[in-house]
Structures are given as C-alpha cells and as structure tokens.
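Letter by letter, the chains look like this.
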Amino acid sequence: MEEFINHQINLVEKEKQVDVEDTLKMLSSFTPVQLQKRGVALIGLKVTGMRTGLGGKSLIDLELGNPSKVPPTFPPHKISTGDIVGLDEYKKDKQTKNKLGSQYSGVVLRATDTKITVALGYDVELPPEVQERCMIVKLANNVTYDRMLNALEQLKATAAAPDGLKQVLLGQRTPTAPQDISTISFFDETLNDSQKDAVRFALGANEIALVHGPPGTGKTYTLVEIIRQLAVIQKKKVLVCGPSNISVDNLVERLAKHNMNLVRVGHPARILPTVLDHSLDVITRTCDSGQIVADVRREMDETLAKISKCKRRAERRELYALLKDLRKDYRARERKVLDEIMTGAEVLISTLNGCGSKNMLKREFDVVIIDEATQALEAECWIALLKGKKAILAGDHLQLPPTVKTPTSLTKKKKKGMSTENDLSTTLFDRLLSMYKMDAIKRMLVVQYRMHQKIMEFSSKELYNNQLVADASVAEHILADMPDVSASENTEVPVVMIDTSDTGLGHEIVDDAQDNGEQSRANELEVDLAVRHIQSLLDDGLSEEHIGVITPYAFQVTHLIRAIREKWPAIEIGTVDGFQGREKEAIILSLVRSNDEGVVGFLAEKRRLNVAMTRPKRHLCVVCDSETLSGTKAKASRLDGGFLRRWMEWLGDESDLRFSEQCV
C-alpha cells in the first residue's frame, strides 16, 4: 500500500517537473514577441481597472495599451480562465528575466477577446511603469500539483487507520454488501430502470459505488437524483466535485431547479452566469451577515481607486498601508461569514482542485461524489476523498482519460490493481474496476437519449457489450425530421463515410512549428471535403448552430477554422478532446491521417475514437483515408486490438459510402 502511494507521489512529481521544465525552457528560449506568436503570452498591455476580490485579493483588468484595430482584440492565444500567469513590465524583444518569467503572478479569472482579469496575491503594489506597459505569460500551475502531493502525503500518513472507505479504495478489504434501498420513492419518476438501479445501488453502498455512464445515457440526471436523495431524504452532508468547472456547473444548474441549499465554492468569474447566485462569493455579499464585509470591501475599492490616480510615491505608500489594514480586517470578518454559509449548506460543490483551498480545509462530509472521475488523476481525486466517509464516482472509462504531459504508452497493457507499473493515465475508476467484481461496485446506464441507433451501433457493440439501447425518442431520428430541413441524400442518412483512399495518395502534412511531442497533422483534401459537406447540409436547411466539425489534430483545427470561420461563424470547430461531453445534430469528423506507411499515431487510442463517433445526434460524416486507417498499408499489425480496422470495415458496410472524387 505504501509502495503504491509512493509511486503515485513520484508520478505527480515527475508530471510537475515536466510541466515546469517545459515552461522554463520556453520562457528562456524566446522573446516576448515569439512567446505571443506561440499563444502563451500577451504583450503591450496596460492595467485599466483595479478592485478587490474574494479573500481581499487584488483584481486587475488588462487590455491592449496601443491597439492597432477597433475593436482592440487580442491576437490568438491559449490563456484561459484558471491559468496561472506571470505579470511583468513589457520591454520589446527582451527575454524574460528570471526563471518564473515574471515579477508577479496571479490567476486568470476571466478572459474575453478584449479584456483579461487577473487575481494577484495580497498586498501587491504594482509600480506605475508596470501598470502602463506590461505583459502576461502562461506559467505551470504549481498549486494544483502541490495540492495533489499534499493529499497523497496525508493519505500515506493515515492509510493504516481503520477507515472503511480508505481500506476499500486501497485494497485492504473488499466492499461490504450494500444496504437494501428497494423501497425508496424517486423525486424524478421519469428515470429509466437502469438509472433507478444505479440510484438505489449508490444510496445503498457503504463505501464505494461507481456509476458508469456511456455517451448520452443521462448520467447527470442520475447524479441529481442521488444527490437529492442523500441531502434531502437521508440528511447527509454531501460534497460534489469534478475535474473541471464546466462539469461541476452543469450539476449546479440542474440541482438549482430543486430549491436546495447549494453553495458553489470557487471564484464567480469561473462559474457559469446561470448559477452565479449559488456561488460562495455572491452569497457572502448578499446575506445579512455579509453586509459589514461588503462595507469594508467598498472602502478597499475606494482606496485602490485612489492609488491608481496617485502620482506621489509617499502618498501611495500611505494608501497601501491603509489598504493592508483594511484587508486584515476584511479577511477576519469574511472568514467568519464563509464558515457560517458553508457549514449551513446541504450540498457543497467544487472542483477537485478547489477541494484543497483554504475554505475547504478540515471540512468533513458523509458522502463525496466525483463526477467525470474518469477524466481526473487519481491523486486529484484524493484531495476530495480524504474529506469523506463514502464515495460515489461517476464517468465512463471508455472515453478519454485525463490529459497528462508525461509520456504515456497507448499500447502497453495496464496492470490490474494497485500496480506500481501503471502511469498517470490509469485513473482511480480504472483501478477499482480491475480490483473488484463489476457487480460489487458498479452499475451501468444503458438507455441513451442522444444518437440515432445506427450512430450508436458500433460503439455499443465494441465497447459496451452491445448493451446500449437507443430510446424511442431518438432511435430513428434524422436531420430531415427537423423543422425547415428538406429531405436529401445527406439529411435522410445517419452515417456517411467520405473515403479519400480512391486517390491512391497520402494527403497529411506535418506542423513544422511543433517541436515537442508528437507533431500535429493536417489534411487539406479533408478540409475541402468537409467544407463541401457543410455547404450541402446548409443548402438542405440546417442551421450553422446545429453543425460541429471535429478532428483529433490541433493543426487540422487551424486549417478548418481558416476555411470555415469567416463564411460560417456559428459552426463550432474543435478537437475531439475538446468536444468530450458535447453534442451536435450533425458532426463532421476529419481523421486526417493519410500516408503510404499506414501510420495512425494516437488514432490507435480507441477511447478518443469513441468520443469522436458519439458526438452527433442525427448525422455523422466521417472523412478519412480508409486504407491508411484499416492497416492495409501497414507493414506490422496494429496494437489497438483491431478496433480502428473494424470501424473502417463497419463504416464500409453500414454507412452511405462515398469516395472523394465523387464529392469534389
């Protein structure tokens, strides 16, 4: 057990090291202008606003200092909400001056096309020269790694204690038989039999329950029922969390409809506007006991405003001293109000990383629920699990695992149980499934409400033991059934394959700017075919909002955006990974790989393909080179168990097959 925990610690430390070293290498190798071209920096900014945020932190607004166009939009970049950024004075073409790449650091709270808001630490004094001309650089997020490492160290120190949940999760004993919950009354009687079975099982489990939700099977509705039963009927203290703000807010949105005492822990800038009233920050501002705190906050904002206008250094120092005293008073008052609100909540909701924040320290719960647990690192899950007596994990281990920077093997067979040979891509969900009998810890949802049954067919057969059933409401629906959409060869068929193998040529190109990891790819022929198919769908009456174009490769996304965005701005374009959990009426999938050697790269990852093929509701169009992907050009057999080859064969037999020369 200790050996396994130490292995997890080593994996996280190595991941942190790779992330930090990659960042430092980049910062030391390129000028600010070059960093901006790579999307990891924004230069020539100025501070346009300063105010106080939750916990007394300074919030600053950054915009372009001397914009060359109207509106003054930022160039393309990869800086988004939640990122750690370094802030420093901008000096043209001068490389970053220290290993952090900045004098100040903060967290991005909001990012739009024209403004970025950053939360700095306490008592930060920005010199006038930095406020007038500055830059931000995306940094490695050490806070996340440190919280995971702290959780693992705490687990190691307490692993031997007689704790039922820990003992089961660490393989020290098997789960005890679940309680009989057969007679419960459901809040939502529209749940299907497999959803109700999963609810009963999760409520009756004493230590651990896994809810396996394949694409479109209503996992969120099932979790909402479980949470309501636990909090309202069983009067349990519940912590709900997940790896991303999006998955967490999705649940808040559904739970908010049922008049529960919910508190969403996290800064409001990271929270969907529709659930903002349930955020800890907003509740703190609006509750009766929070009015005094609000008064102190206003005084702090007024002081900040004076500082931004003040030119005399001595006067600025006096104002900063006053601000420091106000912040001390503010934090003391705020801490008391926060504790009252969080203690009184029926359900606390946070990201997994947020469970390690100061506001969550020493809090204990009867049940910890982790949504999208299959997208979270095991170490990340332990940040939350250490706070609970029982756990419910929900997700689908047959879709994409968490994204990691440390190289992982797509072909290496994973070891069962608490092996020290597995890497970070083995999640806690995966490990528990390999340790215990399926029926002892898992229930699977089997009715899906998204896809035409033909779109669902291959995935169900290959990955879900042919158990998925399309609900009658979606089983036969096609694009032609939609209002104002005319019947055609495209709108009356659920699956189309456009095969470029008829050209007898390889069409993929490599992104030469990519200098680390597997090089990204693009395929201009597939871009052209995708554009033509989009035009046909639009001519048949489909709206842009109903169409999504996805591909496994970021370089292909760039090419697709260039060809589509200006003409059809409402069509969503992205990577397969970015579309996980999403859906569209029609999806065009460009698989890119087309070469004489039969090399398919990470398309050998069947979980990525499973995500790709299950995004559409009514229409899936796959654009690909079937010879490359089926292995007919390969000199050696593939190590994906033949999944990709069998999909190509299925598409050839079951789809409306077209060749590229017919479509050009």
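Residues numbered from 1 in each chain as written. Predicted model: local features only at pLDDT ≥ 70, side-chain atom pairs only at ≥ 80, totals over all residues. Heavy atoms only, no water.

Observations concerning the overall build of the chain
Part 1 of the argument: Looking only at helices and strands, one finds 21 helices and 23 strands in the chain.
Part 2 of the argument: In terms of overall size, the chain behaves like a compact globule, its C-alpha atoms giving a radius of gyration of 26 Å where 664 residues would be expected to give roughly 26 Å.
Part 3 of the argument: Considered along the principal axes of its C-alpha atoms, the chain spans approximately 80 × 65 × 55 Å.
Part 4 of the argument: Burial analysis of the chain (664 residues in total) assigns 55% to the buried set.
Part 5 of the argument: For the chain, long-range pairs separated by at least 24 residues make up 75% of all intrachain contacts whose partners lie at least 6 apart in sequence.
Part 6 of the argument: On the chain, roughly 29,300 Å² of surface is accessible, and the fraction owed to carbon and sulfur atoms is 48%. (Helix = DSSP H or I, 4+ residues; strand = E, 2+ residues; numbered from the N terminus. Rg over C-alpha atoms; globule rule 2.2 N^0.38 Å. Buried < 20%, exposed > 50% of the residue type's maximum accessible area, 1.4 Å probe, protein only. Contact = heavy atoms within 4.5 Å. Areas by Shrake-Rupley, 256 points an atom, 1.4 Å probe, with all protein chains shown as cover.)

A short note on the confidence of the model for the chain
Part 1 of the argument: Of the residues in the chain, 94% have a pLDDT of 70 or more, and the chain-wide mean is 89.
Part 2 of the argument: Segment residues 96-101: pLDDT under 50, and 11 contacts once partners within four positions in sequence are set aside and those in other chains are kept. (pLDDT = per-residue confidence, 0-100.)

Section: the packing of aromatic side chains
Part 1 of the argument: For the coordinates displayed, the defined rule picks out 3 aromatic pairs.
Part 2 of the argument: In this arrangement the basic side chain of R38 is found over the ring face of F30, its NZ or CZ atom lying 3.9 Å from the centre.
Part 3 of the argument: If you follow K196 out to its NZ or CZ, it ends over the ring of F186, 5.3 Å from the centre. (Phe/Tyr/Trp six-rings, centres within 6.5 Å; stacked < 30°, edge-to-face > 60°. Lys NZ or Arg CZ within 6 Å of the ring centre and 35° of its normal.)

With respect to the side chain of D61
Part 1 of the argument: Positionally, D61 belongs in strand β2 (residues 58-64).
Part 2 of the argument: Aside from chain neighbours lying at most four places away, what touches D61 is K46, V47, T48, G49, R51, K115, I116 and T117.

Looking at the sheet that holds strand β16 (residues 495-499)
Part 1 of the argument: If you trace the 6 strands from one edge of the open sheet to the other, you get β20-β19-β21-β22-β16-β23, paired in parallel fashion. For this open sheet the edge positions go to β20 (572-575) and β23 (656-659), each flanked by a neighbour on one side alone. Going from strand to strand, the sheet's axes swing by 20 degrees on average, the running direction of each strand aside.
Part 2 of the argument: Across 4 bridges, strand β19 (residues 547-551) lies against strand β21 (residues 584-590) in parallel orientation. Paired with G548 across the two strands is I587, which belongs to β21.
Part 3 of the argument: Along the sheet, helix α15 (residues 453-463) contacts β16 and β22 (616-624); its crossing angle with β22, the most-contacted strand, is approximately 65 degrees. (Pairing = 2+ DSSP bridges. Axes fitted to C-alpha atoms, helices over the stretch in contact; angles between N-to-C directions.)

Some points on the pattern of salt bridges
Part 1 of the argument: In the structure shown here, the tally under the stated rule is 33 salt bridges.
Part 2 of the argument: Across the pair D656 and R658 runs a salt bridge, and its minimum N-O distance is 3.1 Å.
Part 3 of the argument: Residue D656 is classed as partly exposed on the basis of its relative accessible area of 27%.
Part 4 of the argument: Each member of the salt-bridge network shares a partner with another, and the members are R450, E583, E585, K617 and R618. (Salt bridge = Lys/Arg side-chain N within 4 Å of Asp/Glu carboxyl O.)

Quick look at helix α8 (residues 245-255)
An α-helical segment advances 3.6 residues per turn. Residues three or four places apart therefore align on the same side.
Part 1 of the argument: Buried within α8 we find S247, V248, D249, L251, V252 and L255.
Part 2 of the argument: Summarising the contacts, the buried residues of α8 are in contact with α7 (219-233), β8 (238-242), β9 (262-264) and β10 (347-351).

Quick look at the pairing of strand β1 (residues 41-52)
The two faces of a sheet get side chains in turn, since along a regular strand they alternate between them.
Part 1 of the argument: Counting buried positions along β1 gives 9 out of 12 residues, so the element sits mostly inside the fold.
Part 2 of the argument: Direction of pairing for β1 relative to strand β6 (residues 134-139): antiparallel, over a ladder of 3 bridges. Pairing of A41 across the sheet is with V137, part of β6.
Part 3 of the argument: Where β1 lies against β2, 7 bridges are found, and the strand directions are antiparallel. Following the sheet pairing, R51 is matched in β2 by L59.

Concerning the sheet that holds β2
Part 1 of the argument: As summarised here, the arrangement of the 6 strands in space is β1-β2-β5-β4-β3-β6, forming a closed barrel in which the pairing is antiparallel. When strand polarity is set aside, the average angle formed by the axes of neighbouring strands in this sheet is 50 degrees.
Part 2 of the argument: Strand direction decides the pairing type here: strand β3 (residues 84-89) and strand β4 (residues 104-111), joined by 4 bridges, are antiparallel. Counted as the bridge partner of L87 is Y104 from β4.

Here we look at the pairing of strand β11 (residues 367-370)
Part 1 of the argument: The alternating pattern of β11 places V367 and I369 on one face and V368 and I370 on the opposite face, and all of these are buried.
Part 2 of the argument: Pairing analysis gives 4 bridges linking β8 to β11, with the strands arranged parallel. Paired with V240 across the strands is I369, a residue of β11.
Part 3 of the argument: Of the pairings in the sheet, the one linking β11 to strand β12 (residues 391-395) comprises 3 bridges and is parallel in character. The partner of V368 across the bridge, within β12, is A391.
Part 4 of the argument: Of the crossover connections in this fold, the one passing from β11 over helix α12 (residues 378-385) to the parallel β12 is right-handed. (Right-handed = clockwise from strand over helix to strand, strands pointing away.)

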